[in-house]
Amino acid sequence: MLLTNAKLVTLKTDEEFGFIADGAIVLDGEHIAWVGEASELPKTYGDQKIHNLGGRLVTPALIDCHTHVVFGGNRAVEFELRLKGASYEEVAKAGGGIVSTVTATRAASEDALLTDALTRVDAMIAEGVTFIEVKSGYGLDCETELKMLRVARQIANARPIEVRTSFLGAHAVPSEYIGDADAYIDDVCIPTLRVAHAEGLVDAVDGFCEGIAFDTAQIARVFVVAKELGLPVKLHSEQLSNIGGTKLAAKYGALSADHVEYATNSDAKALAVAGTVAVVLPGAYYTLRECQAPPIQAFRDHGVRMALATDCNPGSSPLTSALLTMNMACTLFRMTPLEALLGMTAHAARALGELNRGRIIADAPADLCVWDVEHPAELSYRIGFNPLHSRIFKGTL
Ligand code: DI6
Ligand code: FE
């Protein structure tokens, strides 16, 4: 297929949008074969099936690299409690929070979890997302963690979207192990990781390193097993306090350190040295009415690549909009529209271990968005508006 009459935002480098005013793209099956000025299109591509994009703007398709879209129930009542003054930590300590979603997720059938998750995935697809990461972590027992991961895999069969799974057994201490997080890690989390990996259900290993969850020593035990299994790691670190998770993630060469509101200058330096992506999650910052923004300028100064994601989950970020995430990153964290777009494309891909994706370049997967906008900054600037004209997934419109 030959796409013509397109205004391209190639994101060929991290420094600029990479505009091509009158561009053409040749798709060969699931990949981009050629991209450039229409006037320079090699004659060999002349007899392709032509698709005229009417001068519309084309970007790489959006990538949501941190989601918890598979879960049972919802936490609207907890939302009300928090509005009345309870903090996220207080709700968690009172048996609400993540643990209440665990109860609902354990009770739900695989079919019900999938049906529910697809309503959220459909909202993502409608805004041009073609690739998502999905975490477990609301099972916290072997059976339910496996159930969640199977549902995550099924999403890719049910919808035109690619899915990467992360095993998040170290998400919270379940009620049956309260006060003994170490025993939970050894008796449940690590054995479950081994089983899930053996069943081919795990693409990466994640954890929640926080006062209300697991400390660095506990997470390190999980990471050692991940490395032994040859799985990449990532970590929820420094979301509500600084307890060293970001440096731990860097030490293990993590794909990403996520949230990072309380990360310091030296954390940023460690991420830069390790080549670990900082995943910024403005939906959680907004929902929890946090006041500490992530150290964006330190990330820039040290050359840490920043990705963005919805963190779609029932507690701290009931958000399915990639575009609103980009808007929030700009307005709340003063990221630039270019940084926001890179964060939802090329850098999100990198946070998933994919270095050749999220840009419009030859050999990259043919995952593209066609927008009814004039300038890419409009994608971050508008609030609650979806200008997606069409989405191309693996070369198919
Ligand atoms: N941090 C988050 O933002 C989500 N998980 C995590 O470790 C929140 C999960 C939840 O509240 O259900
Ligand atoms: Fe999360």
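Cut-offs and rules
- In this convention, every chain numbers its residues from 1, walking through the sequence in written order.
- Whichever chain is written first becomes A and whichever ligand is written first becomes 1, with later ones labelled in order.
- Since the coordinates come from a predicted model, pLDDT governs what is reported: local features require at least 70, and pairs of side-chain atoms require 80 or more to be given and counted, while whole-chain, interface and lining totals use all residues.
- Note that water and hydrogens are dropped before the side-chain values are worked out from all heavy atoms of the structure.
- Runs of H or I in DSSP of at least four residues are treated as helices and runs of E of at least two as strands, each being numbered from the N terminus.
- Radius of gyration: C-alpha atoms only; globule rule: 2.2 Å multiplied by the number of residues to the exponent 0.38.
- Here the term buried applies to any residue with accessible area under 20% of the maximum for its type, exposed to any over 50%, and partly exposed to those in between, with areas from a 1.4 Å probe on protein chains only.
- Using the Shrake-Rupley algorithm and a 1.4 Å probe, accessible areas are obtained, with residue cover drawn only from the displayed protein chains.
- Asp and Glu are treated as the negative residues and Lys and Arg as the positive ones, with His and the ends of the chain left uncounted.
- Taken as the charge centre is NZ of Lys, CZ of Arg, CG of Asp or CD of Glu, depending on the residue.
- Think of it this way: DSSP has to see at least two bridges between two strands before they count as a pair.
- Axes here refer to lines fitted to C-alpha atoms; in helices the fit is confined to the stretch in contact. Angles between the N-to-C directions go from 0 to 180 degrees.
- In what follows, residue pairs with any heavy atoms lying within 4.5 Å of each other are defined as contacts.
- Nitrogen, oxygen and sulfur within 2.8 Å of a metal are treated as its donors, or within 3.2 Å for sodium, potassium and calcium (Na, K, Ca); water is not counted, so a site can appear incomplete.
- Under this scheme a four-donor centre is tetrahedral when all angles range from 85 to 135 degrees, a four-donor centre is square planar and a six-donor centre octahedral when opposite donors are above 155 degrees with the rest from 65 to 115, and any other centre is irregular.
- What we call a nonpolar core is a set of buried Ala, Val, Leu, Ile, Met, Phe, Trp, Tyr and Cys residues that are connected through their side-chain atoms within 4.5 Å.
- We call a residue near a molecule or strand whenever a single non-hydrogen atom of that residue lies within 4 Å of it.
- Pairs of N or O atoms are called polar contacts if they sit within 3.5 Å, as long as, within protein, a hydrogen donor faces a hydrogen acceptor (for residues adjacent in sequence, only side-chain-to-side-chain pairs).
- Charged means Asp, Glu, Lys or Arg here, nonpolar means Ala, Val, Leu, Ile, Met, Phe, Trp, Tyr, Cys or Pro, and polar covers whatever is left, Gly included.
- Two aromatic rings, drawn from Phe, Tyr or Trp (for Trp, its six-membered ring), form a pair once their centres lie within 6.5 Å of each other, and the interplanar angle then sorts them: stacked below 30 degrees, edge-to-face above 60, tilted otherwise.
- Cation placement over rings: the criterion is NZ of Lys or CZ of Arg within 6 Å of the ring centroid and within 35° of the ring normal.
- Any Lys or Arg side-chain nitrogen found within 4 Å of a carboxyl oxygen on Asp or Glu counts as a salt bridge.

## Thoughts on the overall build of the protein chain
Each helix and strand counted, the protein chain has 15 helices and 15 strands in total. Expected size for 397 residues packed as a compact globule is a radius of gyration near 21 Å; at 21 Å, the protein chain falls within 12% of this value. Projected onto its principal axes, the C-alpha coordinates of the protein chain cover approximately 70 × 45 × 40 Å. By the burial criterion, 58% of the 397 residues in the protein chain qualify as buried. As presented, the protein chain carries roughly 15,000 Å² of accessible surface, and 52% of it is formed by carbon and sulfur atoms. Placing the 34 positive and 49 negative side-chain charges of the protein chain at their respective mean positions leaves the two points 2 Å apart.

## Digging into the sheet that holds strand β10 (residues 234-237)
Pairing is parallel in the open sheet, where 8 strands are placed in the order β6-β7-β8-β9-β10-β11-β12-β13. Strands with a single pairing partner mark the edges of an open sheet, and in this sheet they are β6 (62-64) and β13 (306-308). Going across the sheet, the axis of each strand differs from the next one's by a mean of 25 degrees, ignoring polarity. Against the sheet, helix α5 (residues 142-158) engages β7 (129-135) and β8 (162-170), with an angle of about 170 degrees to β8.

## Notes on the coordination of the iron ion (ligand 2)
Distances from the iron ion (ligand 2) to its protein donors, H66 (NE2), H68 (NE2), H236 (NE2) and D311 (OD), fall within 2.1 to 2.2 Å. Considering all 4 donor atoms around the iron ion (ligand 2), angles at the metal cover 80 to 165 degrees and the coordination shape is irregular. Sequence spacing of the donors to the iron ion (ligand 2): H-x1-H-x167-H-x74-D. Residue H66 is found in the loop between β6 and α1 (76-83), and its partner H236 is found in strand β10; the two are separated by 170 residues along the sequence. No difference in accessibility class separates H66 from H236, as the two residues are buried.

## Some remarks on the nonpolar core
It is characteristic of soluble globular proteins that their nonpolar side chains tend to be buried jointly. Counting residues in hydrophobic clusters, the biggest one holds 101 residues, and the most contacted among them are V70, I155, F214, F299 and W371. At 8 residues, helix α6 (residues 181-198) tops the list of elements feeding residues into this core. What V70 contacts, discounting residues up to four positions off in sequence, is L113, A117, V134, Y138, M148, V151, A152 and I155. With 16 residues, the next largest nonpolar core counts M1, I20, V370 and I392 among its residues.

## A few points about the site of ligand 1
Surveying the vicinity of ligand 1 reveals 14 residues, the closest of which are R75, Y88, Y138, H171 and S316. Within the side chain of Y138, a nitrogen or oxygen atom sits 2.6 Å from an oxygen atom of ligand 1. Separating an oxygen atom of ligand 1 from a side-chain N or O atom of D311 is a distance of 2.9 Å. Look at ligand 1: alone it shows 320 Å² of surface, and the protein chains cover 100% of it. Split by residue class, the shell around ligand 1 holds 4 nonpolar, 8 polar and 2 charged.

## Overview of the pairing of strand β3 (residues 31-37)
Pairing geometry for strand β2 (residues 19-28) and β3, over 6 bridges, is antiparallel. Note that in β3 the partner of G23 across the bridge is E37. Hairpin connection, β2 to β3: the antiparallel pair is bridged by 2 residues, and G29 has positive phi, about 60 degrees.

## Section: the packing of aromatic side chains
Inspection of the entire model under this criterion finds 6 aromatic pairs. Measuring from centroid to centroid gives 5.8 Å for Y177 and Y184, while their planes differ by 65 degrees, and the two rings are edge-to-face. Each residue in the set Y177, Y184 and F214 is aromatic and connected to the rest through ring pairs, giving one cluster. When the ring centre of F71 is taken as reference, the NZ or CZ atom of R120 above it lies at 3.6 Å.

## Some details on the pattern of salt bridges
Applying the stated rule across the entire model yields 21 salt bridges. Among the ionic pairs, R305 bridges to D14, the shortest N-O distance being 3.9 Å. With a gap of 291 residues between them, R305 in the loop between α11 (296-302) and β13 and D14 in the loop between β1 (2-9) and β2 connect regions that are remote in the sequence. With its nearest N and O atoms 3.2 Å apart, the salt bridge here joins R150 to E110. Of the two residues, R150 sits in helix α5 while E110 sits in helix α4 (residues 110-126), which places them 40 residues apart along the sequence. On the basis of relative accessible area, E110 is assigned to the partly exposed category, the value being 22%. Among the ionic contacts, a cluster of salt bridges with common partners joins E162, R164, E354, R357 and D367.

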